[in-house]
Amino acid sequence: MDVVNSLFGYSGAGLMFAEEGKDLRYLVATDDPGRSLEGAQLHLGQGPCVSAFEENCAVTSSDVSVDPRWPKLADRLHPEVRAVAGVPVRLGSEPVGTLNVYQATVYQWDESDIQALYGYADVIE
């Protein structure tokens, strides 16, 4: 996962995969803030990466600490997790997990970020 940070300049990254029953499970994260992101989302069953899996599309937040879509998430995150992006990792057309990245500051994700993440998710697939 450190290669994602090196290649794209993000603060951290993580990977979640679904078990047989479609429940996401934390697989790996680059650091403690990344682990807090993965763990909080799994505990609450919500967040940008969970939404990316459920909706089978990219989901971003420029500042997850104030994002009204997931009001309980901010209290469980490491303070260095601010901006978050998640894209589905697919087997065929169905999501089997998510590739997740974060920035330690507020960040406006753009199309080049999303395309880069999808490209890396293709490698994982």
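A short tour of the structure in this document, coming up. This structure is a prediction, so every number in the text was calculated from the model and none was measured. Counting from 1, residues in each chain are numbered in the order their sequence is written. This being a predicted model, a pLDDT of at least 70 is required before a residue's local features are given, and a value of 80 or more before pairs of side-chain atoms are given or counted; all residues contribute to the totals for chains, interfaces and linings. Hydrogens and water molecules were not included; the side-chain quantities draw on all heavy atoms of the structure.

Time to look at the sheet that holds strand β5 (residues 94-103). Ordered by their spatial adjacency, five strands build an open sheet running β2-β1-β5-β4-β3, and the pairing between neighbours is antiparallel. Unpaired on one side and paired on the other, β2 (24-29) and β3 (59-61) mark the two borders of the sheet. Taking each pair of neighbouring strands and ignoring which way they run, the sheet shows an average axis angle of 20 degrees. Only strands joined by at least two bridges in the DSSP assignment are considered to pair. Strands are runs of DSSP state E lasting at least 2 residues, helices are runs of H or I lasting at least 4, and numbering of each runs from the N terminus. Where β3 lies against strand β4 (residues 83-91), three bridges are found, and the strand directions are antiparallel. Each residue of the ladder has a partner; that of T60, found in β4, is A85. Against the sheet, helix α4 (residues 111-124) makes contact with β1 (12-18), β3, β4 and β5, and its axis sits at roughly 35 degrees relative to β4, the strand it touches most. Orientation is described by lines fitted to C-alpha atoms, with helices fitted over the stretch in contact, and by angles between N-to-C directions that extend from 0 to 180 degrees. Throughout, a contact is declared for two residues whenever any of their heavy atoms are within 4.5 Å.

Residue N56 is not a glycine yet carries a positive backbone phi of 55 degrees. Mapped onto the elements of the fold, N56 is located in the loop between α3 (48-55) and β3.

Let's shift gears to the nonpolar core. One finds L37, V64, L73, L77, V81 and V84 to be the most contacted residues of the largest nonpolar core, which totals 16 residues. Counting residues per element, the ones that place at least two in this core are α2 (32-44) and α3. The greatest single-element share of this core, amounting to four residues, is contributed by α3. Filtering out sequence-adjacent residues up to four positions away, V81 remains in contact with P33, S36, L37, V64, Y102 and Q103. Side-chain atoms within 4.5 Å link the members of a nonpolar core, which is a set of buried Ala, Val, Leu, Ile, Met, Phe, Trp, Tyr and Cys residues. Throughout this description, buried means an accessible area under 20% of the type-specific maximum (1.4 Å probe, protein chains only), exposed means over 50%, and partly exposed covers the range between. Ranked by size, the runner-up nonpolar core spans 15 residues in total, among them V87, V101, L117 and Y118.

Its location among the elements puts P95 in strand β5. Its relative accessible area of 8% is what places P95 among the buried residues. Once the C-alpha coordinates of P95 and E55 are considered, the two residues, 40 residues apart in sequence, prove to be 8.9 Å apart.

For this document, the term salt bridge refers to a Lys or Arg side-chain nitrogen within 4 Å of an Asp or Glu carboxyl oxygen. Following the criterion strictly, the structure yields four salt bridges and no others. Between D32 and R35 there is a salt bridge, with its nearest N and O atoms 2.7 Å apart. Remark: R35 and D32 occur in helix α2; sequence separation between them is three residues, near one turn of the helix. For R35, a relative accessible area of 36% gives the class partly exposed. The salt bridge involving R69 is made with D67; its shortest N-O contact spans 2.7 Å. On the basis of relative accessible area, R69 is assigned to the partly exposed category, the value being 45%.

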